[in-house]
Amino acid sequence: MIKLENVSKKFGTGTFGLSEVSLDVDRGEFVFLVGPTGAGKTTIFRLIIREMLPSQGEVLVNDIDIVKLPKNKLAQLRKKIGVVFQDLKLLFDSTVFENILLPLDVAGIKRTEATARVNEILTQVGLLEHKEKFPLQLSGGELQRVAIARALALAPEIILADEPTGNLDTDTAWEIVKLLEEINKKGTTVIMATHNDEIVKNLGKRVVRIEKGKIVKDEKAKNHQSHENQEKKEEEKKEHEERKEQEEKKE
Ligand SMILES: Nc1ncnc2c1ncn2[C@@H]1O[C@H](COP(=O)(O)OP(=O)(O)O)[C@@H](O)[C@H]1O
Ligand SMILES: [Mg+2]
C-alpha cells in the first residue's frame, strides 16, 4: 500500500533527512516508526503526503508513484491519507466540531451529511460531550483526539500519526495508542511515529527503527506468532484432556 524504494532526502542545507530508505507497508498494517528526534520520521510522512519530493528514489501509494503525480491529482492522494501532525495544526478560534467539519466542508460534502459524519467520529474518539468547546479548553489527550478525529473525517485508507503521545502522561498516551489500534482494527492502515520506546514495547506490532536517516531495524508484528502459540496451547490442552479421559476409563 505504501512503498518507499531507495529514498533519500537531502535538504538545501546539505543535511540528509533520509538516506537510501526502503520500506513496504501493507494494507491494514499497524506500524510503529521509532527513532530519536531528528532521525527522519516526519520526513518520511512528508514524503508520503507529497508535502515534499525525495532527492532520489520512489514513493508509491497504492502502486502509484506519487513523485510523478500531477498537481491536479494531489487532492485525491491526500484524501486517502489522514495526518495527525506533530504540532496538531488545529484552529484555535474554532470549536472541536468546526475543526473536524473543516475537511468535509473543503471536500464539498453537504452540511447535513457532514454534520452526521462529524458526530459519528466524535462518538468514535470519545469527544461528543466536548464538541462545542474550543481547543484551549481541552487537555492534551483530548486535543490529540481532536487531531485524530479530523484526520478521520474523510474516511482515509491510511492514518499517519506523528508523535501523538509526545506530550502526554503514560496513561493518556496509552489511551491514544488504544484508539489508534481500534481505528486500525476497522481496516485503516496506521503508521505511528514515536521516540518513546516504552509505548511500543510488548504491543506486538511491527516496529521500524530509524536512526540518522537510515532504517536500522524492522521487526515484524508478533501477532502471527502469538496466534501459532495459541493453537499450540489449545492442542496441548486437548491432548491433556484426552489423556485424562482415557485414564478415567481405565479406572
Ligand atoms: N526543512 C528542513 N530543512 C533542513 N533540514 C531539515 C528539514 N526538515 C528536517 N530536517 C532535518 O532532517 C533530519 C530529520 O528530521 P525529521 O524527519 O524532522 O526527524 P524526526 O521527525 O525523526 O524527529 C533532521 O536532522 C532535521 O534537522
Ligand atoms: Mg518529527
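What follows deals with the overall build of the protein. Each helix and strand in the protein was counted, giving 8 helices and 10 strands. Along the first, second and third principal axes, the C-alpha set of the protein runs to 80 × 45 × 35 Å. For the protein, with 251 residues in total, the buried portion stands at 34%. Taking as baseline every contact in the protein between residues at least 6 positions apart, the subset at least 24 positions apart corresponds to 67%.

Split by domain assignment, the protein resolves into domain 1 (2-92 + 150-220) and domain 2 (225-251). For domain 1 versus domain 2, the separation of C-alpha centres amounts to 43 Å.

Quick look at the packing of helix α3 (residues 96-106) against helix α5 (residues 140-152) now. How two helices sit against one another is set out by the angle between their axes and by the gap between those axes. Where α3 contacts α5, the axes come no closer than 8 Å and their chain directions differ by 25 degrees. The angle between α3 and α5 places the two elements in the roughly parallel class. Every pair of crossing elements has a handedness; the one defined by α3 and α5 is right-handed. Contact residues: α3 offers Val96, Asn99, Ile100 and Pro103, while α5 offers Val146, Ala149 and Arg150. Among the residues forming the contact of α3 with α5, the class breakdown is 5 nonpolar, 1 polar and 1 charged.

In the vicinity of ligand 1, the contacting residues are Phe11, Thr13, Thr15, Gly17, Gly35, Thr37, Gly38, Ala39, Gly40, Lys41, Thr42 and Thr43. Top contributing element to the shell around ligand 1 by residue count: helix α1 (residues 41-48), with 3 residues. Within the shell around ligand 1, the residues separate by chemical class into 2 nonpolar, 9 polar and 1 charged.

Let us look at the nonpolar core. With 61 residues, the main nonpolar core has Leu33, Ile48, Ile100, Ala149 and Leu160 as its most contacted residues. Not counting chain neighbours up to four residues away, the residues in contact with Ile100 comprise Val118, Ile121, Leu122, Ala149, Arg150 and Ala153.

Right, let's talk about α3 for a bit. Since the α-helix turns once every 3.6 residues, residues separated by three or four places project in the same direction. The set of residues buried in α3 consists of Val96, Phe97, Asn99, Ile100, Leu101, Pro103 and Leu104. Following α3 by one or two positions, Gly108 adopts a phi angle in the positive range, close to 80 degrees.

The 4 strands are arranged β2-β1-β4-β5 in an open sheet whose pairing can be described as antiparallel. Two strands in the sheet have a free side with no partner beyond their single neighbour: β2 (16-25) and β5 (64-65). Contacts between α1 and the sheet are confined to β1 (2-10), β2 and β4 (56-61), with β1 contributing the most and set at about 115 degrees to the helix.

A word on unusual backbone geometry. Despite not being glycine, Asn62 has its phi angle at roughly 50 degrees, a positive value. By the secondary structure assignment, Asn62 is in the loop between β4 and β5. On the neighbour-count criterion, Asn62 (13 C-beta atoms within 10 Å) is partly exposed. The phi dihedral of Leu88 falls on the positive side, at around 65 degrees, and the residue is not glycine. Relative to the elements of secondary structure, Leu88 occurs in the loop between β6 (81-84) and α3.

At a closest axis distance of 9 Å, the pairing of α3 and helix α4 (residues 111-124) adopts a crossing angle of 130 degrees. Taken together, the axes of α3 and α4 are oblique relative to one another. Of the two possible hands of crossing, α3 and α4 adopt the one that is right-handed. The residues of α4 that touch α3, namely those facing Phe97, Ile100, Leu101, Leu104 and Asp105, are Ala114, Arg117, Val118, Ile121 and Leu122. For the contact of α3 with α4, the class distribution of residues is 8 nonpolar, no polar and 2 charged.

We now examine α5. With 13 residues, α5 extends 19 Å from end C-alpha to end C-alpha; this agrees with the ideal 18 Å at 1.5 Å per step. Across the 13 residues of α5, 10 count as buried, placing the element largely inside the fold. Burial in α5 covers these residues: Gly141, Gln144, Arg145, Val146, Ala147, Ile148, Ala149, Arg150, Ala151 and Leu152. Elements that come into contact with the buried residues of α5 comprise β6, α3, α4, β7 (158-162) and α6 (170-185).

Conventions we followed
- Residues numbered from 1 in each chain as written.
- Chains lettered and ligands numbered in written order.
- Predicted model: local features only at pLDDT ≥ 70, side-chain atom pairs only at ≥ 80, totals over all residues.
- Helix = DSSP H or I, 4+ residues; strand = E, 2+ residues; numbered from the N terminus.
- Buried ≥ 20, exposed ≤ 12 C-beta atoms within 10 Å, placed from the backbone.
- Contact = placed C-beta atoms within 7 Å.
- Domains from an automatic or database assignment.
- Axes fitted to C-alpha atoms, helices over the stretch in contact; angles between N-to-C directions.
- Parallel < 35°, antiparallel > 145°, perpendicular 65-115°, else oblique.
- Left-handed = near helix turned anticlockwise from the far one by under 90°.
- Nonpolar A, V, L, I, M, F, W, Y, C, P; charged D, E, K, R; others polar.
- Near = placed C-beta within 6 Å.
- Core = buried A, V, L, I, M, F, W, Y, C linked by C-beta atoms within 7 Å.
- Pairing = 2+ DSSP bridges.
- Expected span 1.5 Å × (residues − 1).

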